[in-house]
Amino acid sequence: MVSKTEEAQVNRLENQVDNGGGGAWEYLCLVRKLKLRRSDKVLKHGLSILNDPSKRSSLGHEEWTLYEQVAIAAMDCQCLDVAKGCINVLQKKFPGSKRVGRLEAMLLEAKGSWAEAGKAYSSLLEDNALDQVIHKRRAAMEKAQGNLSGAIECLNKYLEIFMADHDAWRELAEIYVSLQMYKQAAFCYEELILSQPTNPLCHLAYADLSPKRSPLRACEAAGCHCSCSNMEPDGNKKDSAP
Amino acid sequence: MAEDLVLDTAIRDWVLIPLSVVMVLIGVLRYFVSKLMRSSQLPDAKIVKEGQVIVRARNLRAGANFIPAKSFRARRAYFSNEENGLLFVPKGQAQNAQAQMFSDPNMAMDMMKKNLSMIIPQTLTFAWVNFFFSGFVAAKIPFPLTQRFRSMLQNGIDLSTVDVSYVSSRSWYFLNLFGLRGLFSLILGEENAMDDTQRMMQMGGFGFDPSKGMLYWYSLGQRDGGKIIQSLWLGEEHTVLVTNLIGMWVASSGSDCQMLALYQIFVVLCLVRSSIFVPIG
């Protein structure tokens, strides 16, 4: 989760860059560090750096990280030719690299050729069976195709090995909620609460879930809301009656 | 009561500064060599899973108050169930894990390489300092010291009336050894191989290897203290660290400087032994 100061810093940098001031590279680094999803801004400012040869050479060896970031942002914004261009550049520089192979598989996924992307991911997994990103991309592919039960299966298999990954637990919880499997979703939210007890959103989500499961659990909901409001001094003080 | 000795400035120019410069250069060299020699090791699925299990179990212990009692009990049973609990490692199997690590050549080689890259430059530099820079007073420590430190800090100086604050270059070497860590983290970035002093303090222990099945200790805590949420593992961790620190203090304040050399040999042996046992996770 992004802290308040970091979020303020990102917004400030974003304003600065949007209005023509410098600092695009710091903005991109911060977005990459905090793993935010601001693909249009990243694409715009990243391309402005990459297309300018002097700025590009001033980056040194971080240029390739920027290419990767811009490629992913382009795929998110569906500018597939931009992504293809970036991936080609990376391929020329690092032939046979697993990271570039991953980007290519993501490009196939973005184009919508699910079967080929699935094959590419499987072959990448053969080389390195413990690549977390590839496992998660497979689950994302299933979800994008609308196959929620397949996504659940993928995520469950992933979580059997990597059970401390709270992002995956949150994703699984959301899928369960969308399928109205509240008992399983509650289990996932409990895992989230255990790994991040200071994050009020997990408590809120868990509390919202409790009344749906049974009226008895609404008492738990009140307890959760109280513990959540204890955390956030200026947040919403929900004290829902059972 | 101390007569002030006037030290030649040539000592500063030709002993203190070159020694520091040499140590910095050797550190940088070691960093690059370790980067070159680092073999990319594919993580073992079992080890990764065990590490994650431990993180999850630790979270469960820490946040037990936030989830309903029934869920907590269900999870605890999942981890410490006698038949198929994730953390349950019967005594026999824990020993097997060690034997397996013994026979796993890759891991052992890796650990050995890392430790050797630390020991060899240290030993060589120490020998070089002793050979070239012994027999004279190198520096004065700004605060007064007791007589017990005389043998450790003044080993080349055979006058017993010189104030203990006047030390030989060997102590300058040790000062640099522990003090340049901060400098290295500045110039080499965060991830550098220079935290060997840290590793030395953690692993140069007195016979206790913390990696003797993290799961084993965890399962003991869960099984024996089922109702009591007691961090047996954390207790063990702290005991290890304290034991090591006491050991280092005992060895370094010995009355004979040979004790220091003995301690170094002991550290080497322990490192060799404990380098075979790679901590899980």
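Residues numbered from 1 in each chain as written. Chains lettered and ligands numbered in written order. Predicted model: local features only at pLDDT ≥ 70, side-chain atom pairs only at ≥ 80, totals over all residues. Heavy atoms only, no water.

- By the naming in an unreviewed UniProt entry, chain B is ER membrane protein complex subunit 3, taken from Actinidia rufa.
- Of chain B, the UniProt comment under Subcellular location (unreviewed entry) reads exactly: "Membrane".
- According to UniProt, the comment filed for chain B under the heading Sequence similarities (unreviewed entry) is "Belongs to the EMC3 family." (UniProt positions renumbered as here; feature names shortened; annotations may be inferred.)

- In the nomenclature of an unreviewed UniProt entry, chain A corresponds to ER membrane protein complex subunit 2 from the organism Actinidia rufa.
- Looking at the Sequence similarities (unreviewed entry) heading of the UniProt record, one finds this comment for chain A: "Belongs to the EMC2 family."

1. Remarks on the interface of chain A and chain B
And step 1. At the interface, 22 residues of chain A touch 22 residues of chain B.
And step 2. It is Leu 130, Met 163 and Leu 194 of chain A that lose the most area in chain A upon contact with chain B, and together they represent 37% of the buried surface on that side.
And step 3. Our count for the contact surface shared by chain A and chain B stands at three salt bridges.
And step 4. Taken together, the links from chain A to chain B amount to seven residue pairs in polar contact (both at pLDDT 80 or more).
And step 5. Put simply, the parts of the chain that give the side of chain A that touches chain B at least two residues each are helix 10 (148–161), helix 12 (182–195) and helix 13 (200–213) of chain A. (Contact = heavy atoms within 4.5 Å. Buried area = accessible area lost by both parts, 1.4 Å probe. Salt bridge = Lys/Arg side-chain N within 4 Å of Asp/Glu carboxyl O. Polar contact = N/O pair within 3.5 Å; in protein donor to acceptor, adjacent residues only side chain to side chain. Helix = DSSP H or I, 4+ residues; strand = E, 2+ residues; numbered from the N terminus.)

2. Details of the UniProt feature "transmembrane region" (unreviewed entry) in chain B
Residue and element names in this part refer to chain B.
And step 1. UniProt records the feature "transmembrane region" (unreviewed entry) for residues 14–33 and 119–143 in the present numbering.
And step 2. Structurally, residues 14–33 comprises 100% helix and 0% strand, and the distance from its first C-alpha atom to its last is 28 Å.
And step 3. Structurally, residues 119–143 is divided into 56% helix and 8% strand, and its ends, taken at the C-alpha atoms, are 31 Å apart.

3. Brief notes about the confidence of the model for chain A
For residues with low pLDDT, the predicted coordinates do not support detailed interpretation.
And step 1. For chain A, the mean per-residue pLDDT works out to 82, and 87% of the residues sit at or above 70.
And step 2. The low-confidence segment residues 233–242 of chain A, where pLDDT is below 50, has 11 contacts with residues more than four positions distant or belonging to other chains. (pLDDT = per-residue confidence, 0-100.)

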